[in-house]
Structure formats: C-alpha cells, structure tokens
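In case you want the letters, here they are:
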Amino acid sequence: KRALINQFQALIADEENIGVAFSTHKEISEKWKTIGDIPRVKRHEIQQEFSRLQEEFFYNMRIYKDIKEYDFQKNFEAKQNIISKLQSLVNQNEIKNLEVGIKELQNDWEDIGPTKQELWDKIKDEYWATVNQVYDKIRSFYEERKKKSEESIQQKKELIQKMEEILASERDSVKTWTKHTQQVLDLQDKWKHTGIGQR
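Residues numbered from 1 in each chain as written. Predicted model: local features only at pLDDT ≥ 70, side-chain atom pairs only at ≥ 80, totals over all residues. Heavy atoms only, no water.

**A word on a nonpolar patch on the surface**
A grouping of Tyr59, Ile63 and Ile67 is seen on the molecular surface, where their side chains present a nonpolar patch of about 290 Å² in accessible area. Position of tyrosine 59 among the secondary structure elements: in helix 3 (residues 40-89). (Patch = residues over 30% accessible without salt bridge, like charges linked within 9 Å, V, L, I, M, F, W, Y side chains within 5 Å. Areas by Shrake-Rupley, 256 points an atom, 1.4 Å probe, with all protein chains shown as cover. Salt bridge = Lys/Arg side-chain N within 4 Å of Asp/Glu carboxyl O. Helix = DSSP H or I, 4+ residues; strand = E, 2+ residues; numbered from the N terminus.)

**Things to note about the side chain of threonine 24**
Within the element layout of this structure, threonine 24 appears in helix 2 (residues 18-34). Excluding anything up to four places from it in sequence, threonine 24 contacts Gln7 and Leu11. (Contact = heavy atoms within 4.5 Å.)

**A look at the packing of helix 1 (residues 2-14) against helix 2**
In contact at an axis separation of 10 Å, helix 1 and helix 2 are set at 165° when each is read in the N-to-C sense. Classified by the angle between their axes, helix 1 and helix 2 sit roughly antiparallel to one another. Considering the relative orientation of helix 1 and helix 2, their crossing is left-handed. Within the contact between the two elements, helix 1 uses Leu4, Ile5, Gln7, Phe8 and Leu11 and helix 2 uses Ala21, Thr24, His25, Ile28, Lys31 and Trp32. (Axes fitted to C-alpha atoms, helices over the stretch in contact; angles between N-to-C directions. Parallel < 35°, antiparallel > 145°, perpendicular 65-115°, else oblique. Left-handed = near helix turned anticlockwise from the far one by under 90°.)

**Focus: the packing of aromatic side chains**
Each aromatic ring pair is specified by the distance between its two centres and by the angle formed by the two planes. Under the defined criterion, the tally for this structure stands at 10 aromatic pairs. Where tryptophan 109 meets tyrosine 127, the ring centres are 3.7 Å apart and the plane angle is 10°; that geometry is what we call stacked. One end of the pair, tryptophan 109, is in helix 4 (residues 95-111); the other, tyrosine 127, is in helix 5 (residues 117-168), with 18 residues separating them in the sequence. Under the relative-accessibility criterion, tryptophan 109 is labelled buried at 3%. Tyrosine 127 gets classed as buried once you look at its relative accessible area, which sits at 0%. Across the ring face of tryptophan 32, the terminal group of lysine 1 is positioned such that the distance to the ring centre comes to 4.5 Å. The side chain of lysine 79 reaches across the aromatic face of tryptophan 109, ending 4.2 Å from its centre. (Phe/Tyr/Trp six-rings, centres within 6.5 Å; stacked < 30°, edge-to-face > 60°. Buried < 20%, exposed > 50% of the residue type's maximum accessible area, 1.4 Å probe, protein only. Lys NZ or Arg CZ within 6 Å of the ring centre and 35° of its normal.)

**With respect to the nonpolar core**
Formed by 18 residues in total, the largest nonpolar core has its most connected members in Ile82, Leu86, Leu89, Ile102, Tyr127 and Val134. Where this core is concerned, the elements lending two or more residues are helix 3, helix 4 and helix 5. Among the elements that make up this core, the one with the highest residue count is helix 5 (six residues). Excluding residues within four positions of it along the chain, leucine 86 makes contact with Ile102, Leu105, Tyr127, Thr130, Val131 and Val134. (Core = buried A, V, L, I, M, F, W, Y, C linked by side-chain atoms within 4.5 Å.)

**Describing a negative patch on the surface**
Together, Glu104, Asp108, Glu110 and Asp111 give the surface a local cluster of negative charge. Note that glutamate 104 resides in helix 4. (Lys, Arg positive; Asp, Glu negative; His and termini not counted. Charge placed at Lys NZ, Arg CZ, Asp CG, Glu CD.)

**Concerning the pattern of salt bridges**
Tallied over the full model, the rule gives nine salt bridges. When the shortest N-O distance is used, the salt bridge between glutamate 56 and arginine 52 registers 3.1 Å. Placement of both glutamate 56 and arginine 52 in helix 3 is noted, with a separation of four residues, approximately one turn of the helix. The exposure class of glutamate 56 is partly exposed, given its relative accessible area of 30%. Between aspartate 121 and lysine 124 there is a salt bridge, with the nearest N and O atoms lying 3.9 Å from each other. Within this pair, aspartate 121 and its partner lysine 124 are both found in helix 5, separated by three residues, close to a single helical turn. For aspartate 121, a relative accessible area of 37% corresponds to the partly exposed category. By relative accessible area, which is 28% here, lysine 124 ends up partly exposed.

**Side note on the side chain of histidine 25**
Its place among the elements puts histidine 25 in helix 2. A polar atom in the side chain of histidine 25 sits 2.6 Å from the side chain of glutamine 54. With residues up to four places along the chain from it excluded, the contact list for histidine 25 reads Phe8, Leu11, Gln54, Phe57 and Phe58. (Polar contact = N/O pair within 3.5 Å; in protein donor to acceptor, adjacent residues only side chain to side chain.)

**Concerning the environment of phenylalanine 76**
When you line up the elements, phenylalanine 76 lands in helix 3. Residues phenylalanine 76 and glutamate 170 lie 94 residues apart in sequence; the distance between their C-alpha atoms is 78 Å. Residues in contact with phenylalanine 76, not counting those within four places in the same chain, are Thr115, Leu119, Lys122 and Ile123.

Everything listed is a geometric property; what it means functionally is a separate question.
Dropping the structure here:
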C-alpha cells in the first residue's frame, strides 16, 4: 500500500494527460482493493493518506478540466478571429497583400491550440471554404494575367508583321517615305501601349 501511495503521489505530481491519469488512477484503486489487511496500528494512517490523495486527485482533475475548457474556448475564439480576418482578405484587391496575408493567417491558425471536437466541427468547414475563396481569387488573378499576356503577345506579333510589311515596301518618293515614317511611328506608339507579354 505504501508503494501504491508513492505511485499515486507521482501520478498527481507528474501526469498531464487526463486520459492516462484516470486510467492509472483506476489501476491503483483496483490494486488497493485487492491488497489484504495490514496491521491495525498502521491501517488508519495509511487509509487516511490514500483518502487524502483521492481528494487531491479529483480536485486537480476538476481544475485541469476547467483550465482545458477555458483553453478550448479561447482557442475557438482565436480561430473565429482568423476566419473573420480571412473573410476581410477576400475583399482585398492587391494581389501581393492577398498572398502575404493568406500565408500569415494560415500560419497563425496552425499555431492556435486545439478546441472541443464539436466546436472544431463547427468552424473547420468555414475556415477551409474561406481559405479556398482567397486562393480562388489569387488563381483567377494569375489566369487573367496570363490571358492578357497571351493577347499582348499576339498583338505584338501582328505589329511586327505590319512593320515587316512596311520595311519590305519600296520607297521611291518623299511622299512614300513620309507615309511609311508615319506608319512606323504609329506602330511604335501602339507597341508602347500594348501590354507586356509574358511567356
């Protein structure tokens, strides 16, 4: 019984996993019941010590549960705050701010501790739906930019072709030179105002 009391004291002092704590407590209690009688002179002292440890154990577990409950609630509120910031991010039009913001908020989300399962079930779908909404906006931006880039490349190819046609033409008079010069200047102006083509 002294050995069980020592084990019980160690359990109260060291074990932080509530599931393991209750399981070990059950084992200690069952072993305690199976041990036979001890000398009457020691019985009261030993039983009193064991009863005191029982009270301390259940008191600590109740406190631990209350702290866990508080932590779960605070984590839930912090996760809700992240979702709110993500929803604000959806309205952001500056793509770099979107890209930086989504990464920061996802890192912050991962740093928040766990919450109750029923609370987690309530917010995880909302979180991922909002994250996907932000990434869809980023993806749409780059798809649109790629489309515009391809259109710009095509326009520039057409301008090059027109320039080659002008260069291939004969210029046998001042009037023709003046006309072709103006056409080249017009093409240069169009080139400057055509978007940047990216491969």
